Amino acid sequence: MNALLFSIDTLRRSLQVLVVLLLFLSTSVLAQDIDLLLKGGHVLDPKNGINEPMDLGITGKTIVKVEKNIPASAAKKVLDIKGLYLTPGLVDMHVHVFHGADTDSYIANGLTSLPPDGFTFRSGVTTVVDAGSSGWRNFRQFKKQTIDRAQTRVLAFLNIVGTGMYGRYEEQDVMDMNPTMTANMIRRLYPDILVGIKSAHYWGDFTQVDIAVEAGKLAQVPVMVDFGEHQPPNSIESLFMEHLRPGDIFTHTFSYGPANRETIVDEQLKLKPFILQAQEKGIRFDVGHGGGAFSFRQAIPAIEQGFLPDVISSDLHKDSMNGGFKDMANLLSKFMNMGLSLEEVIERATWMPAQVINRKDLGNLDVGSEADIAVFRLVEGNFGFQDIRRTKIDGDKRLETELTLRAGRIVWDLNGMSAPYWESELSNR
C-alpha cells in the first residue's frame, strides 16, 4: 500500500513538473511574439506626443508595441539603437517621380523626374507625394510604370492640366483643364492614391487656380498651388484670401524671384502681415525646396519673425538633388540650424503633411499602423548649408539616416547595424 501511495505521489509530482515545464516553454514561445525590437532609442512621435526613450516592437508589417523597457526576450531579433532618434518614416509631400524616357517632356514621363526608391530610403523617407507630374490623361501610365513598381509608397496630386507637366507650353492650355475629369479620376478611380490637385506654371491670371479649386471642391481634396511665372506677379494676398480655401496649399514658400512671383518677405526683410493671417485662415505653407525655390533671404527673416512653414518638403527632381537641397535629412538639418527644434522639423515632415493630405494613417507610430520608421543620428560639428542662390549658413548639427524601415522591412542600413559580422558565415560550413 505504501509503495502504491509512493508511486502515485511520485507520478503527481512528475506531472506537476511537466505542467510547469510546458507552461514555461509555451510562455517562452509566446513571449517571442515580436519579430524585430528596436531598443533604447529616443522616440519622436509628434502625433502621440512622445519625445522620450522608448522601445518599439514590430511583427510582420505592423507596429505592435511602443513602450518602455520591452524585454529583449520578447523578440526574435533585437537592434540596440541607444543614442539614436526613432521617428515615423518621413512623408515628403512634394516630389516629381514620374520618371520616363520621353525626351520631349519636361517632367511627365520625362528625364527630369526621378525613380523614387533611389532617393527616399537613404534619407528616412518612406512616403512621397508626386506634385502634379501627371494629369488625368497620363496618370494611369504613371501608376503602371512607377507607383505599382516602387517600394516607396507613392501618392500623388493630380495636375489640373490633363497632360500634366509635359512642358510649359502645354501647361497654358485652358481647354485641357477639365475639373470634371480630374475629380472623377480622384473620386471614382484612385481615391487611395490621389490626394489632391496641382496648379502650376501658369503665365496668366487666376484662371488655372480657380479651375483647380473647382475640381478640388468636386473631389473634396486640397489644391496645391505653384504660383510663379506671372509678369508682373499676381497678388498672393488675393490668392490666399479670395481664391484658395482653408486646407489648400501654397508651395515654394521661401522662393525669391520677385520679377515672377510675389515673395512673403519684402525687400526690407519684413514678413508681410497677411502671411500669418492666411496661415490662421488655414492656408498650408509648403517648403518645396527644389532647385530654384528656396532662399535664405526669405526663410531666415520669416522664421525670426515667427512664421514657420506647415510642411517641409523637397521638390525632388533631377535638377534639385545635387544642389542646395541634397536630401530630406539635409533639409531638416538646414531648418534646425535656422532655429527650429528637432521635434518641430520631424513634425513638419511626418504628422503635419499626413494631415494636410488627409492620410492620418501615415506619419505616426500608432500601434497597429504599418511599420514605416526612420532612425537618425544627430551629429554635432561644423557644417555648412546652401540655398539655391549659392549662399550659405553655418551650422553645428546634422541628421544622418542610420536605418529606414518600410512596412516592417529594413530598406536602408547605413552602418550595417542589422547585419551579422562576416565571420558568421564560416560557422555554416
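All values reported here derive from a predicted model rather than from experimental measurement. Here the residue numbers are simple positions, counted from 1 along each chain's written sequence. Local features in this predicted model are restricted to residues of pLDDT 70 or higher, and side-chain atom pairs are both shown and tallied only at a pLDDT of 80 or more, whereas totals for entire chains, interfaces and linings draw on every residue. Side-chain figures throughout are based on the complete set of non-hydrogen atoms in the structure, without hydrogens or water.

Looking at the sheet that holds strand β5 (residues 62-67)
- Reading across from one edge, β5-β4-β1-β6 is the order of the four strands in this open sheet, with mixed pairing throughout. Two strands lie at the open edges of the sheet, namely β5 and β6 (75-80), each paired on one side alone. Within the sheet, the average angular offset between the axes of one strand and its neighbour, ignoring direction, is 20°.
- At least two DSSP bridges between two strands are required for those strands to pair. Every helix listed is a DSSP run of H or I at least four residues long, and every strand listed is a run of E at least two residues long, numbered separately from the N terminus. For strand β1 (residues 34-39) and β6, the ladder comprises five bridges, and the chain directions are parallel. Every axis in this analysis is a line fitted to C-alpha atoms, fitted for helices over the stretch in contact. Angles between the N-to-C directions lie between 0 and 180 degrees.

Thoughts on empty space enclosed by the protein
- The way it works is a 1 Å grid over only the protein atoms, where trapped points that fit a 1.4 Å probe form a cavity and open points with protein on both sides within 12 Å along at least five of seven lines form a pocket, and then any residue with an atom within 4 Å of a point lines it. Grid points are joined across faces, edges and corners, and a volume is the space filled by probe spheres set on the points. Tallied over the full model, the rule gives two cavities of 30 Å³ or more.
- Lining the largest cavity are 13 residues; nearest its centre among them are R153, D361, L362, G363 and D372.
- In terms of residue class, the lining of the largest cavity is made up of three nonpolar, six polar and four charged.
- A volume near 40 Å³ is recorded for the second largest cavity.
- Taken together, S199, Y202, D205, Q208, V209, V225, D226, F227 and H230 form the lining of the second largest cavity. Polar here means any residue outside two lists: the nonpolar Ala, Val, Leu, Ile, Met, Phe, Trp, Tyr, Cys and Pro, and the charged Asp, Glu, Lys and Arg; Gly therefore counts as polar.

Here's the deal with the side chain of S314
- Inspection of the secondary structure puts S314 in the loop between α7 (296-304) and α8 (328-336).
- Among the residues examined, S314 registers a relative accessible area of 0% and is labelled buried.
- Here a polar contact is recorded for every N or O atom pair within 3.5 Å, except that within protein the pair must consist of a potential hydrogen donor and a potential acceptor, and residues adjacent in sequence are included only if both atoms are side-chain atoms. A distance of 3.0 Å separates a polar side-chain atom of S314 from the backbone nitrogen of L316.
- For S314, the residues in contact, after removing those within four places along its chain, are D92, H94, V95, G288, H289, G290, F325, M328 and L331. Buried means the residue's accessible area, taken with a 1.4 Å probe over protein chains only, is under 20% of the maximum for its type, while exposed means over 50%, and partly exposed covers the values in between. The contact rule is simple, with two residues in contact once any of their heavy atoms fall within 4.5 Å.

Describing the environment of S113
- Relative to the elements of secondary structure, S113 occurs in the loop between β8 (90-95) and β9 (125-135).
- S113 gets classed as buried once you look at its relative accessible area, which sits at 0%.
- Between the alpha carbons of S113 and D130 there is a distance of 9.8 Å; along the sequence they are 17 residues apart.
- Leave out the neighbours within four places in its chain, and S113 touches H96, V97, F98, H99, I107 and S133.
- A distance of 2.8 Å separates the side chain of S113 from the backbone oxygen of I107, its partner in a polar contact.

A word on the nonpolar core
- To define a nonpolar core, start from buried Ala, Val, Leu, Ile, Met, Phe, Trp, Tyr and Cys residues and group those joined through side-chain atoms within 4.5 Å. F139, F240, I264 and F335 are the most contacted members of the largest nonpolar core, which has 82 residues in total.
- Residues within four places of F335 in sequence aside, it is in contact with F254, V287, F294, I303, P309, I312, L340 and V345.
- I58, L84, L365 and L405 belong to the second largest nonpolar core, which has 19 residues in total.

Points about the layout of surface pockets
- Estimates place the volume of the largest pocket at around 330 Å³.
- Contributing to the lining of the largest pocket are 21 residues, with R168, H201, D226, H252 and R261 lying nearest its centre.
- Its residues assigned to classes, the lining of the largest pocket shows four nonpolar, 11 polar and six charged.

Some words on the environment of S133
- Relative to the elements of secondary structure, S133 occurs in strand β9.
- The buried category is assigned to S133, whose relative accessible area is 0%.
- When the C-alpha positions of S133 and K47 are compared, they lie 30 Å apart, and in sequence the two are 86 residues distant.
- Once residues lying within four places of it in the same chain are set aside, the contact partners of S133 are H96, V97, F98, I107, A108, S113, T163, G164 and M165.

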